[in-house]
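Each chain is listed here by its residues.
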Amino acid sequence: MIFTAPWVLAALAVLPLLWWLLRVTPPAPRAETFPAIRLLLGLRATEETPARTPWWLLLLRVAAAALVILALSGPVLDAGARLAGSGPVLLVVDNGWAAAPDWPKRMQAAEGVLDRAARAGRRVALLATAPDGTGTAPQATPAMAVPDLRARLAALHPEPWPPDRAAAAEALRRWKAEGASVVYLTDGLTHGADFPRFADAVTAIGPVTEFCCDTQPARVLLPPTNEADKLVARVAQAPRLAPSQAVVLAQSGDGRSLARAVIDLPAGAGTGSAALALPPELRNRLSRLVLEGPPSAGAVLLLDERWRRRPVGLVAGEQTTADTPFSGPLYFLRRALQPFTELREADVPTLLSRDLSVLILADRPLPPGPERDAIAAWVEKGGLLIRFAGPRMAEATGGTGADREDTLLPVHLLGGDRQLGGALSWNEPASLAPFPAGSPFAGLTSEEAPKEVKVTRQVLAEPTADLASHTWATLADGTPLVTEATRGAGRIVLFHTTANADWSNLPLSGLFVDMLRRLVALSAGVASAADGTVLSPAETLDGFGQMSLPPPAATGLAANAFGTTPASPRHPPGLYGPENGRHALNLGASLPLPEAAPLLSGARVEPLDAAVPERALGPPLLVVAILLLALDLLISLSLRGLLRARVAGAALALGLLAAGPVQALETNPNPALATRLGYILTGDAQVDAVSKAGLEGLSEYVNRRTAAVLVEPDPVTPGSTDLSFYPLLYWPITADAQPLNEVQAAALNDYMSRGGIVLIDTRDSGSGAGFAPGTDSALRRVGQGLLVPPLAPLTTEHVLARSFYLLSDFPGRFTGDTVWVQRDQDRTNDSVSPVIVGGNDWAAAWAVDASGRNPYAVIPGGQRQRTLAYRFGVNLVMYALTGNYKGDQVHVPAILQRLGQ
């Protein structure tokens, strides 16, 4: 602790004199009735001696005086050591990606340095070692007064790229001042080979105080390894003496964590890895890997089309008839794969000259030769080869052991084929058997595998001891329909029937599409482009790993340079290219492995963890002194007989009354004092929590996007809560909800008749049609007693569709359900629909958690759907607050026509 005005402490020497002066308290005056002078005759004059002040009261007064002196001396707790030097102070701050995890501590330490400089009357300059978003190289500010520099320090933030040690060293050499000292807030890493030159430039200026280092090491995610059945996450850090762990979260585009992996980092290790095992369907939804812990640009790794895009090559045995409608071998394949893959058709060498995820050969034998060798090499590197049988393959394997020449088959085939139906066969066409548990097709229900699927012809596999382990689908008689085998990092899959309807009606069923979708999901994705096409930045990461708009200096980057281009202001980490072909530039892709920086030579080291904000003790000491003096006043008045118990009680009561309303207002806020939304309690804790989080998220979105100001929503119970304070009520319907009683129904009817709006959300369990007579739905059962007007589907002509945003769709977590509003206009309520009914689960789409993320995925998904859900919520709030105000726009043409006349 220090004193900013230590000379005031000299006043403590006056306390003994004060003790002597305060020893006497005048005697309390005595009230006398003053009669005629004659009544004074005979009175005996007595000498009055003053009474001694009680020692405890004297001690109270001296303590109050001492506290005042101490407060005026400016005591400061946790002030830190005095800054070295006598001239200006240069504050050097590492503000690259590695500084983000402990950035609040750094700013706290920097503020403490400014406080020390202000007390010493010294000027301060600032140097940030990372270039800013405009691409400007690091340069020191001129030395300025501390209040002026505080504004610049407050605007400083971590950048998503490393510091530029060379440019910072050059800026240090240019900055000169007599008697200067340096305070260096290091991030603990060297960031390349220029650190020694930077360190020499720092120590050349003057005495150095170095704040280092946080207990949490700076870590960066490296590009993962994409394997056939897993994604291997990798992390790097500066080697440490003690073992540690890092936790990696695999997240989807809506922020949900789909997998979690713990990476063990032994003592002295700089890198570590762990596998993320996910089903193919979930793996293809991943959009990023995130390190659990403090946010930073290094803790986020974006996943682009290399991990999701699935180019599929198609090759037929006979190209001339490949596209013949309904009979060509590629006809059904193309229609099944087109919605979710990128189809490519060419000869095999051309297809393999580009990155390819899946190669499908329809009835195309592969005799020995360059083509088969090229395909085999491609499979060994991780490709997925899918083959379909047919007459040509059956003929090619007709001889004994002929298929041994075709080594790109998952199993050995018997010669020829087997016919299961027709005039020359005694057997009936075979149907499908249930899929084995280990098959990627497992989980397809009987509805997705209809009994109508029949196979009339197939090529047979040679029975072996391990045939069952290579079989993914069988017929009812146990013969294989789909077999597979792993080759190197890739896989070969064989359909023992044709890709058209010649040998089975499988290509005519929806099961064919689902089976192909699951097979494609097993493949490894590739980049959408690998040439010199320049891709412009779409979204980039800031220093804390949050997606934002690209900085001013950001420029496009060639598609074939993403693996070698380091992150910088010109090329910040983020997503580049069009929406359907994003490329991710990640910080760890071309960053050198982190290396711990040595402490600067001769520097005085202060631990960053010990940097706590200093506290001025003067104000609290002064408050205590005032309280003691007030107590002394009350005691003095009491000793002199001037304080009545009734007066003291009244003063105490007034104090309690002054504090009481404030406390009551804080614990029980009046809903009339602010605009807020309400949600009807259902009794289901999970549903009510979603409603609360959803309206909180919507209120925050409305506050950001409009001039409306909404506060935290309230839970309400019709019949016991005054509903008149809420312009809009959200009411989720659960399947087991109980019907409204008479009091609750009457309260809601009164609320709607007076202008209130109820948004009824069936959460995909029914919609406005549930109010129709003769229907048996949860909505109709719960809503008995409600005076619901006739309803009609919400269209783009309705005011609700354009009260703020122009909307043609009204999705929530789900989409496609009809939204119902009042059919007829009711002028008594300004033609505002008192009830809005739908089943899109809007609260789940609006919901945000404590970290500001959306915890519930939208289905089928996409940020566009969630944005439209928020916009529909804004329209709802505007509709509830302004009524049919926007409806007057329909009269604009008539008004303009009259004005023209």
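Reading the values: rules and limits
- Residues numbered from 1 in each chain as written.
- Predicted model: local features only at pLDDT ≥ 70, side-chain atom pairs only at ≥ 80, totals over all residues.
- Heavy atoms only, no water.
- Helix = DSSP H or I, 4+ residues; strand = E, 2+ residues; numbered from the N terminus.
- Buried < 20%, exposed > 50% of the residue type's maximum accessible area, 1.4 Å probe, protein only.
- Contact = heavy atoms within 4.5 Å.
- Areas by Shrake-Rupley, 256 points an atom, 1.4 Å probe, with all protein chains shown as cover.
- Core = buried A, V, L, I, M, F, W, Y, C linked by side-chain atoms within 4.5 Å.
- Phe/Tyr/Trp six-rings, centres within 6.5 Å; stacked < 30°, edge-to-face > 60°.
- Expected span 1.5 Å × (residues − 1).
- Pairing = 2+ DSSP bridges.
- Salt bridge = Lys/Arg side-chain N within 4 Å of Asp/Glu carboxyl O.
- Axes fitted to C-alpha atoms, helices over the stretch in contact; angles between N-to-C directions.
- Arc of directions from axis to C-beta.
- Right-handed = clockwise from strand over helix to strand, strands pointing away.
- Polar contact = N/O pair within 3.5 Å; in protein donor to acceptor, adjacent residues only side chain to side chain.
- Patch = residues over 30% accessible without salt bridge, like charges linked within 9 Å, V, L, I, M, F, W, Y side chains within 5 Å.
- pLDDT = per-residue confidence, 0-100.

Side note on the overall build of the protein
- The number of helices and strands found in the protein is 20 helices and 41 strands.
- Classification of the 901 residues of the protein by burial places 48% in the buried group.
- Pairs at least 24 apart in sequence give 73% of the contacts found in the protein among residues at least 6 apart.
- For the protein, the computed accessible surface area is about 43400 Å², with 57% contributed by carbon and sulfur atoms.

A look at the nonpolar core
- In this structure, Leu 759, Leu 800, Ile 836, Trp 846, Phe 872 and Leu 876 are the most contacted members of the largest nonpolar core, which totals 41 residues.
- Secondary-structure elements contributing two or more residues to this core are α15 (685–705), β37 (728–732), β38 (757–761), α18 (842–846) and α19 (863–882).
- Core analysis: the second largest hydrophobic core is formed by 40 residues, Ile 386, Phe 441, Ala 473 and Met 515 among them.

What to know about the packing of aromatic side chains
- Summed over all chains, the structure comprises 14 aromatic pairs.
- Aromatic pair Phe 388 and Phe 495: ring centres 4.5 Å apart, planes at 15 degrees, arrangement stacked. Taken together, the positions of Phe 388 in strand β19 (residues 384–388) and Phe 495 in strand β26 (residues 490–495) put the pair 107 residues apart, joining distant regions of the chain.
- Its relative accessible area of 1% is what places Phe 388 among the buried residues.
- The class for Phe 495 is buried, based on a relative accessible area of 0%.
- Centre to centre, the rings of Phe 441 and Trp 472 are 6.2 Å apart; their planes meet at 85 degrees, and the pair counts as edge-to-face. Of this pair, Phe 441 sits in the loop between β21 (430–431) and β22 (454–455) while Trp 472 is found in strand β24 (residues 471–474), placing the two residues 31 residues apart along the sequence. An identical accessibility class is assigned to Phe 441 and Trp 472; each is buried.
- An aromatic cluster is defined as three or more aromatic residues linked by ring pairs; in this entry it consists of Tyr 184, Phe 195 and Phe 198.

Considerations on the environment of Pro 789
- Looking at the secondary structure, you find Pro 789 in the loop between α17 (778–782) and β39 (791–793).
- You can call Pro 789 buried: its relative accessible area is 17%.
- Separated by 32 residues in sequence, Pro 789 and Val 821 have C-alpha atoms that sit 8.9 Å apart.
- Not counting residues up to four positions away in its chain, the partners in contact with Pro 789 are Gln 822, Pro 834 and Val 835.

Regarding helix α2 (residues 55–72)
- For α2, which comprises 18 residues, the first-to-last C-alpha distance of 26 Å matches the rise-based estimate of 26 Å (1.5 Å per residue) to within 8%.
- Downstream of α2 by a residue or two, Gly 74 has a phi angle that is positive, lying close to 70 degrees.

Examining the sheet that holds strand β28 (residues 537–541)
- Strand order in the open sheet made by the 4 strands is β29-β28-β31-β32, with antiparallel pairing throughout. Bordering the open sheet on either side are β29 (547–548) and β32 (583–585), each of which pairs with just one other strand.
- Alignment of β28 against β29, held across 2 bridges, turns out to be antiparallel. Each bridged residue has a counterpart across the sheet, and for Leu 541 the counterpart in β29 is Met 547.

Structural notes on the pattern of salt bridges
- A complete count under the given rule lists 20 salt bridges for this structure.
- With a closest N to O distance of 3.5 Å, Arg 704 and Glu 700 form a salt bridge. Taken together, the positions of Arg 704 and Glu 700, both in helix α15 and 4 residues apart, correspond to about one turn of that helix.
- Overall, Arg 704 belongs to the exposed group, its relative accessible area being 54%.
- For Glu 700, a relative accessible area of 42% translates into the label partly exposed.

Considering the sheet that holds strand β33 (residues 604–606)
- Spatially, the 5 strands line up as an open sheet ordered β6-β5-β7-β8-β33, and their pairing is parallel. Strands at the two margins of the open sheet, each flanked by one partner only, are β6 (124–128) and β33. Here the strands of the sheet are splayed against their neighbours by 20 degrees on average, with no regard to which way each runs.
- Sheet strands touched by helix α6 (residues 195–203): β5 (89–93), β7 (181–185) and β8 (208–211). Its angle to β7, the strand with the most contacts, is close to 140 degrees.

A few points about α6
- Turning to α6, its buried residues are Phe 195, Phe 198, Ala 199, Ala 201 and Val 202. Down the axis of α6, the buried side of the element spans an arc of 160 degrees, and every buried residue falls inside it.
- The secondary structure elements touched by the buried residues of α6 are β5, α5 (165–174), β7 and β8.

Some thoughts on the pairing of strand β18 (residues 358–362)
- For β18, the buried fraction is high: 5 of the 5 residues fall into the buried class.
- Judged from the 5 bridges that link them, strand β16 (residues 311–316) and β18 form a sheet pairing that is parallel. In the strand pairing of β18, Val 315 is matched with Leu 361.
- Note that β18 and β19 share 5 bridges and pair parallel. What sits directly across from Leu 359, in β19, is Leu 385.
- Once the chain exits β18 it traverses helix α10 (residues 370–380) before rejoining the sheet at β19, and the crossover so formed is right-handed.

So, the side chain of Asp 761
- Here Asp 761 is to be found in strand β38.
- According to the relative accessible area criterion, Asp 761 is buried, its value standing at 0%.
- Within polar-contact distance, the side chain of Asp 761 engages the backbone nitrogen of Asp 841 at 3.2 Å.
- Side-chain polar atoms of Asp 761 contact the backbone nitrogen of Trp 842, separated by 2.8 Å.
- Sequence-distant contacts of Asp 761, that is, excluding residues within four places in its chain, are made with Tyr 730, Trp 731, Pro 732, Ile 733, Gly 838, Gly 839, Asn 840, Asp 841, Trp 842 and Ala 843.

Some points on a nonpolar patch on the surface
- Taken together, the side chains of Trp 55, Trp 56 and Leu 59 define a hydrophobic patch exposed on the protein surface, amounting to about 380 Å² of accessible area.
- Within the secondary structure, Trp 56 is located in helix α2.
- With relative accessibility at 42%, the residue Trp 56 sits in the partly exposed group.

Examining the confidence of the model for the protein
- For the protein, the mean per-residue pLDDT works out to 82, and 81% of the residues sit at or above 70.
- Confidence drops under pLDDT 50 across residues 765–769; counting only partners more than four residues distant or on other chains, this segment forms 15 contacts.
- Contacts of residues 772–776 to residues separated by more than four positions or lying in other chains number 6 contacts, the stretch itself having pLDDT below 50.

Examining the pairing of strand β17 (residues 342–345)
- Two strands pair when backbone bridges link them, and β16 and β17 are joined in this way by 4 bridges, in the parallel orientation. Bridge pairing in β17 places Pro 311 opposite Glu 342.
- Note that the unit made of β16, helix α8 (residues 331–337) and β17 has a crossover that is right-handed.

Observations concerning the environment of Phe 544
- Summarising the element assignment, Phe 544 is placed in the loop between β28 and β29.
- In sequence terms Phe 544 and Pro 158 are 386 residues apart; their C-alpha atoms lie 7.2 Å from each other.
- Apart from residues lying up to four places away in sequence, Phe 544 is in contact with Ala 100, Trp 103, Pro 158, Pro 295, Ser 296 and Ala 297.

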